[in-house]
Amino acid sequence: MSHVVVLGAGTGGVPAAYELRHQLGAGHQVTLINASERFSFVPSNPWLAVGWREPEEISLPLEGHLGKHDIAFIAQTVTKIDARANRLTLADGEQVHYDYLVITTGPKLAFDEIPGLGPEGGHTQSVCTIEHANQAYKQYQEFLKNPGPIVVGAAQGASCFGPAYEFALILDADLRKRKIRDQVPMTFVTSEPYIGHMGLGGVGDSRGIMESEFRQHHIKWVTNAAIKSVDPGTLHVIQHDDKGQPDGEQDLPFSFAMILPAFKGVDAVAAVEDLCNPRGFVLVDEYQRNPTYRNIYSAGVCIAIPPVEKTPVPTGAPKTGYMIESMVSAIVKNIAADISGQPAESKATWNAICLADMGDTGVAFVALPQIPPRNVTWAKKGKWVHVAKIAFEKYFLRKVRTGSVDPIYERYVLKALGIKRLRD
(Lines give C-alpha, C1' and ligand atoms only; values in the text may rest on other atoms or scores of the structure.)
Protein backbone atom coordinates (compact mmCIF):
# COMPACT_ATOMS: atom_id res chain seq x y z
CA MET A 1 0.00 0.00 0.00
CA SER A 2 1.24 3.48 -0.87
CA HIS A 3 0.54 6.60 1.17
CA VAL A 4 0.02 9.75 -0.90
CA VAL A 5 -0.01 13.04 1.01
CA VAL A 6 -1.40 16.21 -0.54
CA LEU A 7 -0.09 19.38 1.10
CA GLY A 8 -2.45 22.33 0.70
CA ALA A 9 -6.25 22.31 0.27
CA GLY A 10 -6.92 24.97 -2.33
CA THR A 11 -8.25 24.81 -5.88
CA GLY A 12 -5.48 22.35 -6.74
CA GLY A 13 -5.16 20.33 -3.54
CA VAL A 14 -8.77 19.32 -2.94
CA PRO A 15 -9.34 18.08 -6.52
CA ALA A 16 -5.97 16.29 -6.32
CA ALA A 17 -7.08 14.39 -3.20
CA TYR A 18 -10.40 13.39 -4.76
CA GLU A 19 -8.81 12.33 -8.05
CA LEU A 20 -6.13 10.31 -6.24
CA ARG A 21 -8.76 8.48 -4.22
CA HIS A 22 -10.78 7.78 -7.38
CA GLN A 23 -7.75 6.68 -9.40
CA LEU A 24 -5.89 4.65 -6.77
CA GLY A 25 -8.81 2.90 -5.11
CA ALA A 26 -9.17 1.65 -1.56
CA GLY A 27 -5.86 -0.22 -1.56
CA HIS A 28 -3.89 2.98 -1.02
CA GLN A 29 -4.04 5.77 1.56
CA VAL A 30 -4.68 9.42 0.69
CA THR A 31 -4.16 12.19 3.25
CA LEU A 32 -4.82 15.91 2.78
CA ILE A 33 -2.98 18.35 5.08
CA ASN A 34 -3.95 22.00 5.30
CA ALA A 35 -3.32 24.82 7.79
CA SER A 36 -7.05 25.66 7.88
CA GLU A 37 -10.03 23.42 8.60
CA ARG A 38 -11.94 25.00 5.73
CA PHE A 39 -11.67 25.19 1.96
CA SER A 40 -12.19 28.69 0.54
CA PHE A 41 -12.84 29.55 -3.09
CA VAL A 42 -10.20 32.23 -3.68
CA PRO A 43 -11.58 33.54 -7.04
CA SER A 44 -14.63 34.86 -5.17
CA ASN A 45 -12.58 36.99 -2.75
CA PRO A 46 -13.07 40.25 -4.71
CA TRP A 47 -16.84 39.83 -4.27
CA LEU A 48 -16.40 39.17 -0.56
CA ALA A 49 -14.34 42.35 -0.15
CA VAL A 50 -17.25 44.55 -1.28
CA GLY A 51 -19.96 42.59 0.50
CA TRP A 52 -21.35 40.71 -2.49
CA ARG A 53 -20.59 37.42 -0.73
CA GLU A 54 -20.48 36.22 2.87
CA PRO A 55 -17.48 34.14 4.03
CA GLU A 56 -19.64 31.05 4.61
CA GLU A 57 -20.96 31.27 1.03
CA ILE A 58 -17.51 30.72 -0.47
CA SER A 59 -15.98 28.35 2.08
CA LEU A 60 -16.69 24.83 3.33
CA PRO A 61 -15.50 22.63 6.22
CA LEU A 62 -13.22 19.94 4.81
CA GLU A 63 -13.14 17.02 7.22
CA GLY A 64 -16.71 15.77 6.80
CA HIS A 65 -16.68 15.94 3.03
CA LEU A 66 -13.28 14.28 2.71
CA GLY A 67 -14.15 11.61 5.26
CA LYS A 68 -17.07 10.41 3.14
CA HIS A 69 -14.52 9.46 0.49
CA ASP A 70 -12.02 7.81 2.83
CA ILE A 71 -9.54 10.68 2.60
CA ALA A 72 -7.75 11.42 5.87
CA PHE A 73 -7.57 15.09 6.80
CA ILE A 74 -5.12 16.89 9.09
CA ALA A 75 -5.75 20.57 9.87
CA GLN A 76 -2.26 21.68 10.81
CA THR A 77 0.67 23.63 9.42
CA VAL A 78 3.63 21.64 8.16
CA THR A 79 6.78 23.10 9.71
CA LYS A 80 9.38 20.86 8.07
CA ILE A 81 9.73 18.57 5.06
CA ASP A 82 12.45 15.93 5.23
CA ALA A 83 12.45 14.99 1.57
CA ARG A 84 15.17 12.36 1.91
CA ALA A 85 13.37 10.55 4.71
CA ASN A 86 9.89 11.04 3.15
CA ARG A 87 8.68 12.66 6.35
CA LEU A 88 6.65 15.76 7.31
CA THR A 89 6.73 17.45 10.72
CA LEU A 90 3.54 19.16 11.84
CA ALA A 91 3.15 22.19 14.12
CA ASP A 92 2.34 19.99 17.12
CA GLY A 93 5.46 17.87 16.56
CA GLU A 94 3.64 14.92 15.00
CA GLN A 95 5.38 13.31 12.03
CA VAL A 96 3.68 12.01 8.90
CA HIS A 97 5.45 9.59 6.55
CA TYR A 98 4.61 9.46 2.86
CA ASP A 99 5.47 7.48 -0.24
CA TYR A 100 4.42 10.30 -2.56
CA LEU A 101 4.00 13.99 -1.76
CA VAL A 102 1.89 16.39 -3.82
CA ILE A 103 2.64 20.04 -3.00
CA THR A 104 -0.27 22.39 -3.74
CA THR A 105 0.29 24.95 -1.00
CA GLY A 106 -0.19 28.09 -3.04
CA PRO A 107 2.20 30.98 -2.31
CA LYS A 108 3.58 32.92 0.58
CA LEU A 109 2.53 36.56 0.18
CA ALA A 110 5.64 38.75 0.01
CA PHE A 111 4.23 41.91 1.59
CA ASP A 112 7.47 42.26 3.56
CA GLU A 113 9.40 43.15 0.41
CA ILE A 114 7.82 46.63 0.33
CA PRO A 115 7.71 48.78 3.48
CA GLY A 116 4.14 49.51 4.53
CA LEU A 117 2.51 47.04 2.12
CA GLY A 118 -0.21 44.65 3.20
CA PRO A 119 -3.01 44.33 5.73
CA GLU A 120 -0.89 42.91 8.55
CA GLY A 121 1.11 45.83 9.89
CA GLY A 122 0.87 47.75 6.62
CA HIS A 123 -1.52 50.24 5.07
CA THR A 124 -3.02 48.42 2.07
CA GLN A 125 -5.61 45.69 1.72
CA SER A 126 -5.49 42.33 -0.08
CA VAL A 127 -7.91 39.84 -1.64
CA CYS A 128 -5.42 36.96 -1.71
CA THR A 129 -7.02 35.04 1.16
CA ILE A 130 -10.52 34.87 2.59
CA GLU A 131 -9.23 36.44 5.82
CA HIS A 132 -7.68 39.33 3.92
CA ALA A 133 -10.81 39.83 1.81
CA ASN A 134 -12.95 39.90 4.94
CA GLN A 135 -10.65 42.50 6.48
CA ALA A 136 -10.79 44.51 3.24
CA TYR A 137 -14.59 44.45 3.49
CA LYS A 138 -14.46 45.93 6.98
CA GLN A 139 -12.08 48.67 5.82
CA TYR A 140 -14.29 49.32 2.80
CA GLN A 141 -17.29 49.86 5.09
CA GLU A 142 -15.31 52.51 6.96
CA PHE A 143 -14.25 54.05 3.65
CA LEU A 144 -17.89 54.39 2.55
CA LYS A 145 -18.57 56.68 5.51
CA ASN A 146 -16.06 59.19 4.16
CA PRO A 147 -15.21 58.42 0.48
CA GLY A 148 -11.95 59.55 -1.11
CA PRO A 149 -9.32 58.35 -3.58
CA ILE A 150 -8.84 54.63 -4.23
CA VAL A 151 -5.68 52.93 -5.50
CA VAL A 152 -5.77 49.33 -6.78
CA GLY A 153 -2.98 47.37 -8.40
CA ALA A 154 -0.18 44.84 -8.33
CA ALA A 155 3.34 45.26 -6.98
CA GLN A 156 6.59 44.56 -8.79
CA GLY A 157 7.21 40.85 -9.14
CA ALA A 158 3.50 40.03 -8.96
CA SER A 159 2.30 37.20 -11.15
CA CYS A 160 -1.43 37.32 -10.45
CA PHE A 161 -2.93 40.41 -12.10
CA GLY A 162 -6.48 39.28 -12.85
CA PRO A 163 -7.88 39.85 -9.34
CA ALA A 164 -6.51 43.42 -9.33
CA TYR A 165 -8.37 44.23 -12.57
CA GLU A 166 -11.47 42.50 -11.26
CA PHE A 167 -11.40 44.32 -7.95
CA ALA A 168 -10.95 47.75 -9.55
CA LEU A 169 -13.99 47.26 -11.78
CA ILE A 170 -16.06 45.54 -9.07
CA LEU A 171 -15.37 48.55 -6.82
CA ASP A 172 -16.43 50.83 -9.67
CA ALA A 173 -19.68 48.88 -10.10
CA ASP A 174 -20.42 48.88 -6.36
CA LEU A 175 -19.75 52.60 -6.02
CA ARG A 176 -22.01 53.31 -8.98
CA LYS A 177 -24.79 51.28 -7.37
CA ARG A 178 -24.34 53.37 -4.23
CA LYS A 179 -24.38 56.55 -6.37
CA ILE A 180 -21.10 57.82 -4.90
CA ARG A 181 -18.73 56.95 -7.75
CA ASP A 182 -18.38 60.66 -8.51
CA GLN A 183 -16.74 61.14 -5.10
CA VAL A 184 -14.02 58.54 -5.65
CA PRO A 185 -11.01 59.17 -7.95
CA MET A 186 -9.50 55.78 -8.88
CA THR A 187 -5.97 54.88 -10.00
CA PHE A 188 -4.65 51.49 -11.11
CA VAL A 189 -0.94 50.93 -10.38
CA THR A 190 0.86 47.97 -11.94
CA SER A 191 4.29 46.58 -12.74
CA GLU A 192 2.98 45.55 -16.17
CA PRO A 193 4.43 47.42 -19.16
CA TYR A 194 0.90 48.18 -20.36
CA ILE A 195 -2.67 47.69 -19.22
CA GLY A 196 -3.91 44.23 -20.18
CA HIS A 197 -0.47 42.60 -20.23
CA MET A 198 -1.60 40.21 -17.44
CA GLY A 199 1.85 38.66 -17.09
CA LEU A 200 1.10 36.93 -20.41
CA GLY A 201 2.45 39.44 -22.89
CA GLY A 202 -1.15 40.39 -23.64
CA VAL A 203 -3.91 38.08 -24.88
CA GLY A 204 -5.60 39.00 -28.12
CA ASP A 205 -6.70 42.62 -27.85
CA SER A 206 -6.53 42.59 -24.05
CA ARG A 207 -4.64 45.89 -24.07
CA GLY A 208 -7.29 47.65 -26.13
CA ILE A 209 -10.18 46.10 -24.21
CA MET A 210 -8.82 46.90 -20.75
CA GLU A 211 -7.64 50.41 -21.61
CA SER A 212 -11.08 51.10 -23.06
CA GLU A 213 -12.76 49.74 -19.91
CA PHE A 214 -10.61 51.93 -17.70
CA ARG A 215 -11.32 55.02 -19.80
CA GLN A 216 -15.05 54.37 -19.78
CA HIS A 217 -15.02 53.88 -16.03
CA HIS A 218 -12.75 56.86 -15.30
CA ILE A 219 -9.89 54.80 -13.89
CA LYS A 220 -6.45 56.32 -14.40
CA TRP A 221 -3.41 54.06 -14.58
CA VAL A 222 0.32 53.99 -13.92
CA THR A 223 2.30 51.22 -15.66
CA ASN A 224 5.96 50.14 -15.39
CA ALA A 225 5.53 51.02 -11.73
CA ALA A 226 7.52 49.79 -8.74
CA ILE A 227 6.09 50.61 -5.34
CA LYS A 228 8.83 52.14 -3.21
CA SER A 229 6.91 52.21 0.07
CA VAL A 230 3.49 52.90 1.54
CA ASP A 231 2.68 55.39 4.26
CA PRO A 232 -0.79 55.88 5.78
CA GLY A 233 -2.82 57.39 2.94
CA THR A 234 0.05 57.60 0.43
CA LEU A 235 1.54 55.15 -2.06
CA HIS A 236 5.07 56.07 -3.19
CA VAL A 237 5.69 54.85 -6.73
CA ILE A 238 8.77 54.85 -8.96
CA GLN A 239 7.96 54.87 -12.68
CA HIS A 240 10.31 53.29 -15.22
CA ASP A 241 10.97 53.77 -18.92
CA ASP A 242 10.88 50.98 -21.50
CA LYS A 243 14.49 50.05 -20.66
CA GLY A 244 13.70 49.62 -17.00
CA GLN A 245 15.40 52.80 -15.85
CA PRO A 246 13.74 55.00 -13.19
CA ASP A 247 11.78 57.78 -14.86
CA GLY A 248 10.32 59.82 -12.03
CA GLU A 249 8.32 59.25 -8.87
CA GLN A 250 4.69 59.77 -7.90
CA ASP A 251 2.99 60.03 -4.54
CA LEU A 252 -0.55 58.67 -4.90
CA PRO A 253 -2.97 59.60 -2.12
CA PHE A 254 -5.60 57.07 -1.08
CA SER A 255 -8.39 56.57 1.40
CA PHE A 256 -8.58 52.88 0.46
CA ALA A 257 -5.98 50.78 -1.36
CA MET A 258 -5.76 47.14 -2.44
CA ILE A 259 -2.39 45.99 -3.81
CA LEU A 260 -1.56 42.41 -4.80
CA PRO A 261 1.96 41.44 -3.66
CA ALA A 262 4.65 39.35 -5.29
CA PHE A 263 4.64 35.67 -4.33
CA LYS A 264 7.25 33.38 -2.77
CA GLY A 265 7.25 29.74 -1.76
CA VAL A 266 5.92 28.89 1.71
CA ASP A 267 8.61 28.49 4.33
CA ALA A 268 8.58 24.72 4.86
CA VAL A 269 8.73 24.08 1.11
CA ALA A 270 11.32 26.76 0.32
CA ALA A 271 13.63 25.38 3.02
CA VAL A 272 14.08 21.99 1.32
CA GLU A 273 17.48 21.79 -0.36
CA ASP A 274 17.35 21.28 -4.15
CA LEU A 275 13.54 21.33 -4.23
CA CYS A 276 12.93 24.96 -5.20
CA ASN A 277 14.26 27.93 -7.13
CA PRO A 278 15.63 30.98 -5.23
CA ARG A 279 12.10 32.35 -4.73
CA GLY A 280 10.98 29.11 -3.10
CA PHE A 281 8.88 27.81 -5.98
CA VAL A 282 8.97 24.05 -6.58
CA LEU A 283 11.00 22.92 -9.58
CA VAL A 284 9.14 20.37 -11.72
CA ASP A 285 9.78 18.51 -14.95
CA GLU A 286 7.30 17.98 -17.77
CA TYR A 287 5.50 15.37 -15.62
CA GLN A 288 5.01 17.79 -12.67
CA ARG A 289 7.69 15.83 -10.78
CA ASN A 290 10.65 17.32 -8.97
CA PRO A 291 13.94 16.35 -10.69
CA THR A 292 15.76 15.72 -7.39
CA TYR A 293 13.02 14.08 -5.33
CA ARG A 294 11.13 12.01 -7.85
CA ASN A 295 8.34 11.07 -5.47
CA ILE A 296 7.46 14.75 -4.95
CA TYR A 297 5.04 16.37 -7.38
CA SER A 298 3.65 19.88 -7.43
CA ALA A 299 0.89 21.91 -9.08
CA GLY A 300 -0.52 25.41 -9.05
CA VAL A 301 0.83 28.75 -7.95
CA CYS A 302 3.64 27.16 -5.92
CA ILE A 303 5.55 25.76 -8.93
CA ALA A 304 8.37 27.51 -10.76
CA ILE A 305 7.41 28.91 -14.16
CA PRO A 306 9.64 31.45 -15.92
CA PRO A 307 8.15 34.80 -16.97
CA VAL A 308 6.56 34.83 -20.40
CA GLU A 309 8.85 37.69 -21.38
CA LYS A 310 11.28 40.15 -19.84
CA THR A 311 9.56 43.37 -18.80
CA PRO A 312 11.02 46.74 -17.66
CA VAL A 313 9.69 46.11 -14.15
CA PRO A 314 9.64 42.43 -13.11
CA THR A 315 6.38 40.54 -13.64
CA GLY A 316 5.71 36.86 -13.11
CA ALA A 317 3.66 34.37 -15.10
CA PRO A 318 0.19 33.49 -13.77
CA LYS A 319 -1.02 29.95 -13.16
CA THR A 320 -4.67 30.00 -14.16
CA GLY A 321 -7.46 27.58 -13.26
CA TYR A 322 -7.42 25.44 -16.39
CA MET A 323 -3.65 25.03 -16.15
CA ILE A 324 -3.91 23.95 -12.51
CA GLU A 325 -6.68 21.47 -13.32
CA SER A 326 -4.50 20.02 -16.05
CA MET A 327 -1.47 19.79 -13.74
CA VAL A 328 -3.47 17.92 -11.10
CA SER A 329 -4.80 15.38 -13.59
CA ALA A 330 -1.29 14.74 -14.92
CA ILE A 331 0.09 14.24 -11.39
CA VAL A 332 -2.60 11.73 -10.46
CA LYS A 333 -2.03 9.68 -13.61
CA ASN A 334 1.74 9.74 -13.14
CA ILE A 335 1.57 8.65 -9.50
CA ALA A 336 -0.77 5.82 -10.47
CA ALA A 337 1.67 4.81 -13.22
CA ASP A 338 4.64 4.84 -10.84
CA ILE A 339 2.81 2.72 -8.27
CA SER A 340 2.09 0.14 -10.96
CA GLY A 341 5.70 0.19 -12.18
CA GLN A 342 4.98 2.11 -15.37
CA PRO A 343 6.81 5.22 -16.63
CA ALA A 344 5.30 8.68 -16.30
CA GLU A 345 3.61 9.79 -19.51
CA SER A 346 0.99 12.40 -18.61
CA LYS A 347 1.80 16.06 -19.17
CA ALA A 348 -0.14 19.17 -18.23
CA THR A 349 -1.66 21.37 -20.90
CA TRP A 350 0.02 24.75 -20.54
CA ASN A 351 -2.87 26.88 -21.67
CA ALA A 352 -4.22 30.01 -19.99
CA ILE A 353 -7.97 30.48 -19.70
CA CYS A 354 -9.28 33.22 -17.43
CA LEU A 355 -12.75 34.52 -16.65
CA ALA A 356 -12.35 38.07 -15.30
CA ASP A 357 -15.43 39.52 -13.63
CA MET A 358 -16.06 43.26 -13.91
CA GLY A 359 -19.00 43.68 -11.59
CA ASP A 360 -21.82 43.62 -14.14
CA THR A 361 -19.91 42.33 -17.16
CA GLY A 362 -16.61 40.53 -17.74
CA VAL A 363 -13.83 39.50 -20.11
CA ALA A 364 -12.69 35.99 -21.04
CA PHE A 365 -9.02 35.57 -21.97
CA VAL A 366 -7.74 32.51 -23.84
CA ALA A 367 -4.04 31.90 -24.62
CA LEU A 368 -3.21 28.51 -26.17
CA PRO A 369 -0.44 27.92 -25.21
CA GLN A 370 0.34 30.41 -22.47
CA ILE A 371 3.76 31.32 -23.88
CA PRO A 372 3.77 32.98 -27.36
CA PRO A 373 3.69 32.25 -30.24
CA ARG A 374 0.23 30.79 -29.80
CA ASN A 375 -2.22 28.68 -31.71
CA VAL A 376 -5.18 30.55 -30.23
CA THR A 377 -5.24 33.98 -28.62
CA TRP A 378 -8.32 36.09 -27.99
CA ALA A 379 -10.20 38.14 -25.45
CA LYS A 380 -13.96 38.71 -25.48
CA LYS A 381 -16.18 40.88 -23.31
CA GLY A 382 -19.78 40.34 -22.31
CA LYS A 383 -22.26 39.97 -19.47
CA TRP A 384 -22.13 36.22 -20.12
CA VAL A 385 -18.64 36.17 -18.54
CA HIS A 386 -20.04 37.55 -15.28
CA VAL A 387 -22.76 34.87 -15.35
CA ALA A 388 -20.21 32.17 -16.25
CA LYS A 389 -18.00 33.08 -13.29
CA ILE A 390 -20.93 32.84 -10.89
CA ALA A 391 -21.76 29.42 -12.35
CA PHE A 392 -18.13 28.33 -12.05
CA GLU A 393 -18.13 29.26 -8.36
CA LYS A 394 -21.19 27.05 -7.81
CA TYR A 395 -19.71 24.15 -9.80
CA PHE A 396 -16.44 24.22 -7.87
CA LEU A 397 -18.05 24.41 -4.43
CA ARG A 398 -20.30 21.53 -5.43
CA LYS A 399 -17.21 19.59 -6.49
CA VAL A 400 -15.70 20.08 -3.02
CA ARG A 401 -18.93 19.01 -1.32
CA THR A 402 -19.55 15.91 -3.41
CA GLY A 403 -16.06 14.67 -4.22
CA SER A 404 -16.73 14.91 -7.94
CA VAL A 405 -13.79 14.25 -10.25
CA ASP A 406 -15.41 16.07 -13.18
CA PRO A 407 -12.89 18.27 -15.02
CA ILE A 408 -14.76 21.54 -14.56
CA TYR A 409 -12.90 23.53 -17.19
CA GLU A 410 -13.24 20.79 -19.79
CA ARG A 411 -16.93 20.18 -19.09
CA TYR A 412 -18.25 23.66 -18.36
CA VAL A 413 -15.87 26.54 -19.04
CA LEU A 414 -14.56 25.46 -22.45
CA LYS A 415 -18.08 24.59 -23.52
CA ALA A 416 -19.26 28.05 -22.48
CA LEU A 417 -16.45 29.59 -24.52
CA GLY A 418 -17.32 27.48 -27.55
CA ILE A 419 -13.97 25.65 -27.48
CA LYS A 420 -13.68 21.93 -28.06
CA ARG A 421 -11.65 19.72 -25.75
CA LEU A 422 -8.03 20.89 -25.64
CA ARG A 423 -5.21 18.55 -26.51
CA ASP A 424 -1.54 18.70 -25.59
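I will try to describe carefully the structure that is included in this document. Just so we're clear, the structure is a prediction, and the values are computed from it rather than from any experiment. (Residues numbered from 1 in each chain as written. Predicted model: local features only at pLDDT ≥ 70, side-chain atom pairs only at ≥ 80, totals over all residues. Heavy atoms only, no water.)

Another aspect to go through is the pairing of strand β9 (residues 100–103). Side-chain alternation along β9 places Y100 and V102 on one buried face and L101 and I103 on a second face that is also buried. Both strand β1 (residues 3–7) and β9 contribute to a ladder of four bridges, which runs parallel. The residue of β9 that forms the bridge with V6 is V102. (Buried < 20%, exposed > 50% of the residue type's maximum accessible area, 1.4 Å probe, protein only. Helix = DSSP H or I, 4+ residues; strand = E, 2+ residues; numbered from the N terminus. Pairing = 2+ DSSP bridges.)

The next subject is the pattern of salt bridges. Inspection of every chain in the model, using the stated rule, returns 18 salt bridges. In this structure, R21 engages D70 in a salt bridge whose closest nitrogen and oxygen atoms are separated by 4.0 Å. Taken together, the residues span a long stretch of sequence, with R21 in helix α1 (residues 13–24) and D70 in the loop between α3 (63–67) and β5 (72–75) at a distance of 49 residues. Note that R178 is salt-bridged to D174, the shortest N-O span being 2.7 Å. Linked by salt bridges that have partners in common, D172, R176, R181 and D360 make up one network. (Salt bridge = Lys/Arg side-chain N within 4 Å of Asp/Glu carboxyl O.)

The biggest cluster of nonpolar side chains holds 141 residues, and the ones touching the most others in it are M210 and L235. Counting residues per element, this core draws most heavily on helix α8 (residues 321–339), at nine residues. (Core = buried A, V, L, I, M, F, W, Y, C linked by side-chain atoms within 4.5 Å.)

On inspection of all chains with the given rule, the structure shows twelve aromatic pairs. Taking 6.3 Å as the distance between ring centres and 45° as the angle between the ring planes, the aromatic pair formed by F167 and F256 counts as tilted. Here F167 is found in helix α5 (residues 162–177), whereas its partner F256 is found in strand β17 (residues 256–260), with 89 residues between them in sequence. In this structure F167 comes out as buried when scored by relative accessible area, which is 0%. Since its relative accessible area comes to 3%, F256 is described here as buried. Pairwise contacts between aromatic rings join F39, F41, F392 and F396 into one cluster. One Lys or Arg, K177, reaches over the ring of W52 and ends 4.3 Å from the middle of that ring. In this arrangement the basic side chain of K380 is found over the ring face of W378, its NZ or CZ atom lying 4.8 Å from the centre. (Phe/Tyr/Trp six-rings, centres within 6.5 Å; stacked < 30°, edge-to-face > 60°. Lys NZ or Arg CZ within 6 Å of the ring centre and 35° of its normal.)

Turning our attention to α5. In this model, α5 (16 residues) spans 23 Å end to end at C-alpha, consistent with the 22 Å of a helix rising 1.5 Å per residue. Counted residue by residue, α5 has 13 buried out of 16 residues, so it is predominantly covered. Phi turns positive one or two residues past the end of α5, at K179, with a value near 60°. (Expected span 1.5 Å × (residues − 1).)

A word on unusual backbone geometry. Going from L368 to P369, the amide bond is cis rather than trans, its omega being -5°. As for its position among the elements, P369 is in the loop between β21 (362–368) and β22 (376–381). Even without a glycine there, the phi angle at M198 is positive, about 65°. Classification of M198 by relative accessible area gives buried; the value is 8%. If you check the backbone angles, H218 has positive phi at about 60° while not being a glycine.

Moving on, we get to the sheet that holds strand β15 (residues 234–240). One open sheet holds the three strands; their spatial order is β14-β15-β16, and the pairing between them is antiparallel. The sheet is open, and its two borders are formed by β14 (225–231) and β16 (246–253), each paired with just one other strand. Taking each pair of neighbouring strands and ignoring which way they run, the sheet shows an average axis angle of 20°. By the bridge criterion, six bridges tie β14 to β15 in an arrangement that is antiparallel. Directly across from S229, in β15, lies its bridge partner H236. (Axes fitted to C-alpha atoms, helices over the stretch in contact; angles between N-to-C directions.)

Moving on, we come to the environment of S2. Its place among the elements puts S2 in the segment before β1. Between the C-alpha atom of S2 and that of A257, which follows or precedes it by 255 residues, the distance is 48 Å. Every residue in contact with S2, bar those within four places of it in the chain, is listed here: H28, Q29, D99, Y100 and I339. (Contact = heavy atoms within 4.5 Å.)

This brings us to the sheet that holds strand β2 (residues 29–34). Pairing is parallel across the open sheet formed by five strands, whose spatial order is β5-β2-β1-β9-β19. With partners counted over all chains shown, the strands left at the sheet margins are β5 and β19 (296–298), one partner each. Strand-to-strand, the axes of this sheet are offset by a mean angle of 20°, without reference to chain direction. Alignment of β1 against β2, held across five bridges, turns out to be parallel. Note on β2: the bridge partner recorded for V4 is V30. α1 contacts β1, β2 and β9 of the sheet and is inclined by roughly 175° relative to β2.

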